[in-house]
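Descriptive structure summary
Here are the chains, one letter per residue:
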Amino acid sequence: MIEYSNKQYDPIVFLMESVKPHLLEIDQYNLFSGWVFFFGKKVVKLINVYECCISSTERGLDPIATAEVNIRRQDIADFVPTIPAAKKCGFEVDVFVGKNIKKLSFDVVFEDGSSELLFEQEMDEIREKSSYFGILRSRLDKINMPDGDLVYLTQGSANVDEYKNSIIPSVMNICDYLSASGVHLNEISSLLDFGCGTGRLLTGWNLIEPQIELFGCDFNMELLGWAENNLPDKICFTKNELIPPLPYRSGQFDLIYLISVFTHLTLETQQVWVNDFKRILKKGGYLLVTLHGELYAINCFYDNDPMLDRFYEKGTECAGEKEGSNQFSSFHTKEYVSQLFDGFECVGYFQNGRINDGRVPFKVSSAQDVYVLRYTDGVNG
Ligand SMILES: C[S@@+](CC[C@H](N)C(=O)[O-])C[C@H]1O[C@@H](n2cnc3c(N)ncnc32)[C@H](O)[C@@H]1O
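Residues numbered from 1 in each chain as written. Predicted model: local features only at pLDDT ≥ 70, side-chain atom pairs only at ≥ 80, totals over all residues.

1. Regarding the overall build of the chain
- Each helix and strand in the chain was counted, giving 11 helices and 16 strands.
- Referenced to the eigenvectors of the C-alpha coordinate spread, the extents of the chain come out at roughly 60 × 55 × 45 Å.
- Taken across its 381 residues, the chain has 39% of its residues classed as buried. (Helix = DSSP H or I, 4+ residues; strand = E, 2+ residues; numbered from the N terminus. Buried ≥ 20, exposed ≤ 12 C-beta atoms within 10 Å, placed from the backbone.)

2. Remarks on the site of the ligand
- Around the ligand, the surrounding shell holds 20 residues, and the nearest of these are Gly195, Gly197, Asn220, Ser260 and Gly324.
- Put simply, the parts of the chain that give the shell around the ligand at least two residues each are α6 (200-208) and β9 (213-218). (Near = placed C-beta within 6 Å.)

3. Comments concerning the environment of isoleucine 174
- With respect to the helices, strands and loops of the structure, isoleucine 174 is situated in helix α5 (residues 160-180).
- For the pair isoleucine 174 and lysine 363, spaced 189 residues apart in sequence, the C-alpha to C-alpha distance is 8.5 Å.

4. Side note on the sheet that holds strand β16 (residues 369-375)
- Ordered by their spatial adjacency, seven strands build an open sheet running β10-β9-β8-β11-β12-β16-β15, and the pairing between neighbours is mixed. Looking at which strands have only one partner, the edges of the open sheet turn out to be β10 (236-239) and β15 (344-350). Between one strand axis and the next, the sheet turns by 20° as a mean value, whatever way the strands run.
- Bridge analysis of strand β11 (residues 253-258) against strand β12 (residues 281-291) gives five bridges, and the strand direction is parallel. (Pairing = 2+ DSSP bridges. Axes fitted to C-alpha atoms, helices over the stretch in contact; angles between N-to-C directions.)

5. Here's the deal with the domain arrangement of the chain
- You can read the domains of the chain as domain 1 (12-128) and domain 2 (145-375).
- Facing 16 residues of domain 1, the contacting portion of domain 2 comprises 15 residues.
- Of all the secondary structure elements, the ones that give two or more residues to the side of domain 1 that touches domain 2 are β1 (12-18) and β7 (115-122).
- The element contributing the most residues to the side of domain 1 that touches domain 2 is β1, with four residues.
- Tallied by class, residues from the side of domain 1 that touches domain 2 come to 10 nonpolar, three polar and three charged. (Domains from an automatic or database assignment. Contact = placed C-beta atoms within 7 Å. Nonpolar A, V, L, I, M, F, W, Y, C, P; charged D, E, K, R; others polar.)

6. Some points on helix α4 (residues 148-155)
- Where α4 is concerned, the buried positions are Leu150, Val151, Thr154 and Gln155. Each buried residue of α4 sits inside an arc of 115° when the element is viewed along its axis, so together they form one side.
- Next to the buried residues of α4 lie α5 and α7 (221-230).
- Looking one or two residues beyond α4, the residue adopting positive phi is glycine 156, at roughly 75°. (Arc of directions from axis to C-beta.)

7. So, the sheet that holds strand β6 (residues 101-110)
- Judged by pairing direction, the sheet is antiparallel, and its four strands sit side by side in the order β4-β3-β6-β7 without closing on themselves. If you trace the sheet from one side to the other, it starts and ends with β4 (65-68) and β7, each paired once. Taken pair by pair, the neighbouring strands of this sheet meet at an average axis angle of 20°, ignoring direction.
- Summarising the sheet, strand β3 (residues 44-53) and β6 pair through nine bridges and their orientation is antiparallel.

8. Thoughts on the nonpolar core
- Leu191, Leu255, Ile256, Tyr257, Leu287, Leu288 and Val372 are the most contacted members of the largest nonpolar core, which has 57 residues in total.
- With residues up to four places along the chain from it excluded, the contact list for leucine 287 reads Ile256, Phe277, Leu281, Phe344, Leu373 and Tyr375.
- By size, the runner-up hydrophobic cluster in this structure holds 38 residues, among which are Val13, Val95, Phe331 and Phe362. (Core = buried A, V, L, I, M, F, W, Y, C linked by C-beta atoms within 7 Å.)

9. Notes on the environment of valine 261
- By the element assignment, valine 261 lies in the loop between β11 and α8 (267-280).
- Measuring from C-alpha to C-alpha, the distance between valine 261 and aspartate 357 comes to 24 Å, with 96 residues separating the pair along the chain.
- When near neighbours in sequence (up to four residues on either side) are disregarded, valine 261 contacts Phe194 and Gly195.

10. Points about the confidence of the model for the chain
- Overall, the predicted model of the chain reaches an average pLDDT of 94, with 97% of residues at or above 70.
- Contacts for the low-pLDDT stretch residues 1-5, under 50 throughout, to residues beyond four places or in other chains number five contacts. (pLDDT = per-residue confidence, 0-100.)

Below, the structure is given as structure tokens:
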């Protein structure tokens, strides 16, 4: 096997399942919970939480809360067979979020006593938007959610609450990727959610940016049928086939995004879709795509050196059965992405979903790599 020395991925893999920013209560205790593990030999033992007050530029020396990382999470362990610590990677930490907190910092402490910053949660925006978040929450409460069986088909877990609570932060997260790529929302008047499933993200766009024309398509009629019957009529859903074309007119969209969709298609199918996206995107329009990068490839091919070698040599590899389902996966290096999306300029690359090299607590697609691409074919500059 070839030795790959300069791995680029972030070895700390985590998700804050709760409290999502729009649900955070100021001047109260909030239970922060999630999971975290190190993709390697180190073991995460503790989470320490520090506060930085409005009146100070430095965070406090002592943690305001601490918790062991030891809650059993077989659901996570199943995805990472080589990491024994993932079996008990869950944590819950109760934190009093006072009115005067500017920032919360979450550190991980390893078994060897070393520690590092996991992520920071700025409080200013949450404080400013608290009444707006209240309105979004009550609107969201009036919208039907799919049942656990349908949620499982798109999210790989049947947790309906997590599905519902992910809607607002996921759209905010997509907006952050666009903004960090220099894309302004006022450039987007129509968007397509390709592989929209039950319309999870379109539900959020309709609440947050209702002026945008919203379209969603999927090849799974069970998912799409639920969305058509339960979500606002304003969102236009279309069933497509495994391969193109889509029934939209040329140059119709300012933005097409694909969240965990190409991750489940063969390279041939991806290529034909890219060609159809070029047809329906406006020149100068944007494509946001999430892909399994190096971290996922090493995890999947841990016992299959030839496939991992091929991933590095070709820049891509696929595994599994039933294209289009979660049982089939594809993997991409950054180099391969520039070949696949020929005619596009990469204006944003967010490895493992990080923004400005900082970890993001709530990501639309876990630790996938996120690309924002501008369709430049035939466009000057
Ligand atoms: C992992 S799920 C993600 C769903 C949704 N994007 C979300 O984030 O909630 C992948 C979705 O892609 C859809 N899909 C897979 N292949 C497709 C294709 N060729 N055309 C349209 N949708 C496809 C699946 O049916 C499924 O809804």
